[in-house]
Amino acid sequence: MSSKNTRRKVQTSLSSPEIDIWSLDTNQDAVEGYYHSNPFHNFRHSFCVTQMMFVMIQELTLSKYFQPLELAALLTACICHDLDHPGLNNTYQINAKTELARRFRDKSPLENHHAEMASCILDDVNLFQHLSLSQQKEIKEDITFLILSTDMSRHNDILGQFVAIADQFDFNNPRHRSICKSMLIKACDVSNECRPVNTSEKWVDCLLEEYFNQSDLEKSSGLPYAPHMDRDKVTKANSQVGFISAILIPMFQSLTRVFPSIETLLLKNLREALSHYETQDQLKGDNTT
């Protein structure tokens, strides 16, 4: 799809002349320049997350349920959600007593930092300059809320809240809408496995490289390290079998209770990815017996 066609489709989705979403396009360096060349948490990752949100806006017809300001907040939060990510997760920040951990008192240090960076950049590029002051306040608060929702330590809490309301979901209920938006950005953030395996597998390699780099640093620094990030214990296949079956499929299945089309749009590829890695894991097990 051409850039012009993509732009037209997003403008149609937002349908609000007051929101110049393309200021981030013309000021790309303002965003991309604050992403580092990490193996995984880099600008390409943020772009993929944003692209998946665009797909959801289109395919789930989210414009029927959310206002243009909410859709703009979702897209903007996606492109900004990992700004200035150092390639070392919250656990490292807290255990190493980094400046970020101290500043945010060990509470979602990375996500709070990403949100803080986003606020500064959005002010610099005047992305929402045509909105009223009350609207600017509303959308900035929404972006911060959404970025904070991407902290995986909050996964069970957010998923549990959504599951509790899914069967009686009401788009006119502000709390329901907020929980749903949290789920949507969370789903986009971890949506690589919803793409065909020949694409998603490359991202797994990138993520494992970043994990292994962190655990190597933690070992050399005498810090605790997570088994799922230890290059001496983890394989691509077993890591993905666990992540897809325990985290991804339950989350996307819960979303089908409000958005049934997710079943064919995303869950089909997820199940194919799970089957792929289960086969790889079994073959590896057979070869070691």
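Residues numbered from 1 in each chain as written. Predicted model: local features only at pLDDT ≥ 70, side-chain atom pairs only at ≥ 80, totals over all residues. Heavy atoms only, no water.

1. Description of unusual backbone geometry
Working step 1: The phi dihedral of D84 is positive, around 60°, even though this residue is not glycine.
Working step 2: With respect to the helices, strands and loops of the structure, D84 is situated in the loop between α5 (68–80) and α6 (90–95).
Working step 3: The class for D84 is partly exposed, based on a relative accessible area of 21%.
Working step 4: In the Ramachandran plot, R105 falls in the positive-phi region, its phi being about 55° despite a non-glycine side chain.
Working step 5: Mapped onto the elements of the fold, R105 is located in the loop between α7 (99–103) and α8 (109–125).
Working step 6: For R105, a relative accessible area of 75% gives the class exposed. (Helix = DSSP H or I, 4+ residues; strand = E, 2+ residues; numbered from the N terminus. Buried < 20%, exposed > 50% of the residue type's maximum accessible area, 1.4 Å probe, protein only.)

2. Observations regarding the packing of helix α12 (residues 197–221) against helix α13 (residues 236–256)
Working step 1: One can describe the packing of α12 onto α13 by two numbers: an axis separation of 11 Å at closest approach and a directional angle of 105°. Considered as vectors, α12 and α13 are oriented roughly perpendicular to each other. For the pair α12 and α13, contact is made by E201, V204, D205 and L208 and by K236, S239 and Q240, respectively.
Working step 2: Residue composition of the contact of α12 with α13, by class: two nonpolar, two polar and three charged. (Axes fitted to C-alpha atoms, helices over the stretch in contact; angles between N-to-C directions. Parallel < 35°, antiparallel > 145°, perpendicular 65-115°, else oblique. Contact = heavy atoms within 4.5 Å. Nonpolar A, V, L, I, M, F, W, Y, C, P; charged D, E, K, R; others polar.)

3. Examining the pattern of salt bridges
If the charged atoms of two oppositely charged side chains come close together, the side chains can form a pair.
Working step 1: Counting across every chain of the model gives 15 salt bridges.
Working step 2: Where K181 meets E70, a salt bridge forms, and the shortest distance between an N and an O atom there is 3.1 Å. In this pair, K181 sits in helix α11 (residues 174–189) while E70 sits in helix α5, placing the two residues 111 residues apart along the sequence. Summarising the burial analysis for this pair, K181 and E70 share the class buried. (Salt bridge = Lys/Arg side-chain N within 4 Å of Asp/Glu carboxyl O.)

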